[in-house]
Amino acid sequence: MRGEKLSPAEVAVKPKMKTVKLIVVGFGTIGRGVLEVLSEKRRLVRERYGFDLQVSAVCEIDGSLINHQGVNVDSALRLAAAKKLRDHPDWKQKKSLEVIREVDADIVLELTPGNIRTGEPGLGHIRAAFESGKSVVTSNKSPLAKSFYELKALAEKKRVLFGYEATVGGAIPIINLYRDNLGINVVRSIYGILNGTSNFILTKMFEEDLSLATALKEAQELGIAETDPAYDIDGTDTAVKLVILANSIMDRHVSLEDVSVTGIEDITLESLELAKKHGFAIKLVGDVGSMEVSPRLVHLSHPLNVSGTLNAIMLDTDVAGTLTLVGHGAGKIETASSIFSDILNIAKAGGCGK
Ligand SMILES: NC(=O)c1ccc[n+]([C@@H]2O[C@H](COP(=O)([O-])OP(=O)(O)OC[C@H]3O[C@@H](n4cnc5c(N)ncnc54)[C@H](OP(=O)(O)O)[C@@H]3O)[C@@H](O)[C@H]2O)c1
């Protein structure tokens, strides 16, 4: 749309606006980022696609905002920022599972943090959504790492759709790129830098000679690393993403136990100095081919030599050759780009379960 007035003929053929109702489960960094982007882009979505995206509920751990005519997104964001969400007139003492089952909606956005061993609470949320005929879009890795094939089968059985682009690589559209644009290809391997925090730390050590502890502290002060960054440093976060890529793109039927994992905790400034002398950097690389996460020497001119919090993913395919995608692997606005890509794909496919 160019924003100009429509002629009567154009008005006559303009399709009826379809309302797509969303339930947001988890109103932290990503949940709020999604609503910020929605507030900014709702009009664009109406004009470009003919969908009105409406938020029917926003679930927090101890209750939910529920409004069948649509939660006021801007007031929810304002009150959440002031830590006064519970003062919102739509606040109800209803927990996520009840809301997912009972509130009328097309798509559940599952945006909670997950336990990688159990997949909960996201696993229960996703199962409940599918069981009640709702599609799901998630940024939560744990349920996929734990039960990808079970969830895929349940979605198929219930004839709903499942989007999880945001679980790997933040803004990088790796999963949808494969599904939508590489259909004729066999993917031979996937490897890359899938964790922004460890890459930030390695970059700081390499470029500024900071110790691992100092670089980590800086990452935490900048809000890049989690309060508990153990999974970023020990390679587990990269391994979880490897499992998701292996199963969703290469149908490998693997789990976290199949990945050999070495983190960056033992990388020293001396080893980085030696690598640099020979024209290499050291990067934490996840490789689906060998199902391995480990620090590797990467030539300074190699496409995987990206700095700071950037992620880089390489796909080796038989027809398209090698593709490299580089972008922000985290961040509330960047990750929202992937979440909206799934929402729009589901809405366009009519996979709204109703
Ligand atoms: N941050 C990123 O850049 C990024 C990028 C890609 C993917 N992800 C993934 O996206 C998910 C969300 O990340 P985030 O950074 O937004 O985490 P976050 O800031 O910790 O927010 C998560 C929110 O979910 C709430 N929550 C926890 N359990 C819940 C439940 N049972 N029902 C309803 N709400 C519940 C939490 O409430 P309390 O605070 O009260 O516990 C919190 O408000 C995670 O799985 C993360 O790995 C994050």
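None of these values were measured; they are calculated from a predicted model. (Residues numbered from 1 in each chain as written. Predicted model: local features only at pLDDT ≥ 70, side-chain atom pairs only at ≥ 80, totals over all residues. Heavy atoms only, no water.)

### Some thoughts on the packing of helix α2 (residues 29-49) against helix α13 (residues 332-348)
The test is simple: The axes are straight lines fitted to the C-alpha atoms, using for helices just the contacting stretch, and the angles between their N-to-C directions are given from 0 to 180°. Secondary structure elements follow DSSP: runs of H or I no shorter than four residues count as helices, runs of E no shorter than two count as strands, and numbering proceeds from the N terminus. Between 65 and 115 degrees an angle is taken as roughly perpendicular, under 35 as roughly parallel, over 145 as roughly antiparallel, and anywhere else as oblique. With the far helix as reference, a near helix turned anticlockwise by less than a right angle produces a left-handed crossing, and one turned clockwise produces a right-handed crossing. A contact between two residues is defined here by any heavy atoms of the two lying within 4.5 Å. Lys, Arg, Asp and Glu make up the charged group, whereas Ala, Val, Leu, Ile, Met, Phe, Trp, Tyr, Cys and Pro make up the nonpolar group; the residues left over, Gly among them, are polar.
Orientation of α2 relative to α13, taken along the N-to-C sense of each, is 45°, at an axis distance of 9 Å. By the angle class used here, α2 and α13 are oblique. Remark: the crossing between α2 and α13 carries right-handed chirality. Taken together, the residues of α13 that come into contact with α2 (itself represented by Thr-29, Ile-30, Gly-33, Val-34, Glu-36, Val-37, Leu-38, Val-45 and Tyr-49) are Lys-332, Ile-333, Thr-335, Ala-336, Ile-339, Phe-340, Leu-344 and Lys-348. Across the contact of α2 with α13, the residue classes tally to eleven nonpolar, three polar and three charged.

### Remarks on the site of the ligand
To be explicit about the condition: Nearness of a residue to a molecule or strand requires only that one of the residue's heavy atoms be within 4 Å of it. The definition of a polar contact used here is a pair of N or O atoms within 3.5 Å, where within protein one atom must be able to donate a hydrogen and the other to accept one, and adjacent residues in sequence count solely through side-chain atom pairs. Only the protein chains shown count as cover for residues, and all accessible areas are computed by the Shrake-Rupley method using a 1.4 Å probe.
Near the ligand, the surroundings consist of 22 residues, among which Ile-30, Ser-96, Thr-112, Ser-139 and Gly-331 are the closest. With respect to the ligand, the backbone of Ile-30 contributes an N or O atom lying 2.7 Å from an oxygen atom. For the ligand, an oxygen atom lies 2.7 Å from a polar atom in the side chain of Ser-139. For the ligand, whose unbound accessible area comes to 900 Å², protein coverage reaches 72%. Looking at the shell around the ligand, its residues break down into ten nonpolar, ten polar and two charged.

### Description of the sheet that holds strand β11 (residues 292-299)
Quick reminder of the rule: Only when DSSP finds a minimum of two bridges between them are two strands counted as paired.
Taken in spatial order, the six strands make up an open sheet running β9-β11-β10-β8-β12-β13, and their pairing is mixed. Among the strands making up the open sheet, the edge pair consists of β9 (260-261) and β13 (322-328). Taken strand by strand, helix α8 (residues 196-208) contacts β8 (187-193), β10 (280-287) and β12 (310-317), and its axis lies near 170° from that of β10. Helix-sheet contacts for helix α11 (residues 236-250) involve β8, β9, β10 and β11, and the interaxial angle to β8 is about 160°.

### As for the domain arrangement of the chain
Formally: What fixes the domain bounds is an automatic or database domain assignment. Take the accessible area each of two parts loses on contact, using a 1.4 Å probe, and add the two losses: that sum is the buried area. For this analysis, a salt bridge means a side-chain nitrogen from Lys or Arg found within 4 Å of a carboxyl oxygen belonging to Asp or Glu.
In terms of domains, the chain is made up of domain 1 (8-170 + 333-348) and domain 2 (182-329). Between domain 1 and domain 2, the C-alpha centre-to-centre distance is 29 Å. At the interface, 13 residues of domain 1 touch 20 residues of domain 2. Of the roughly 1,400 Å² buried between domain 1 and domain 2, counting both surfaces, carbon and sulfur atoms make up 70%. Area buried by domain 1 at its contact with domain 2 is led by Ile-116, Tyr-149 and Val-168, which between them contribute 40% of it. Taken together, domain 1 and domain 2 are joined by one salt bridge.

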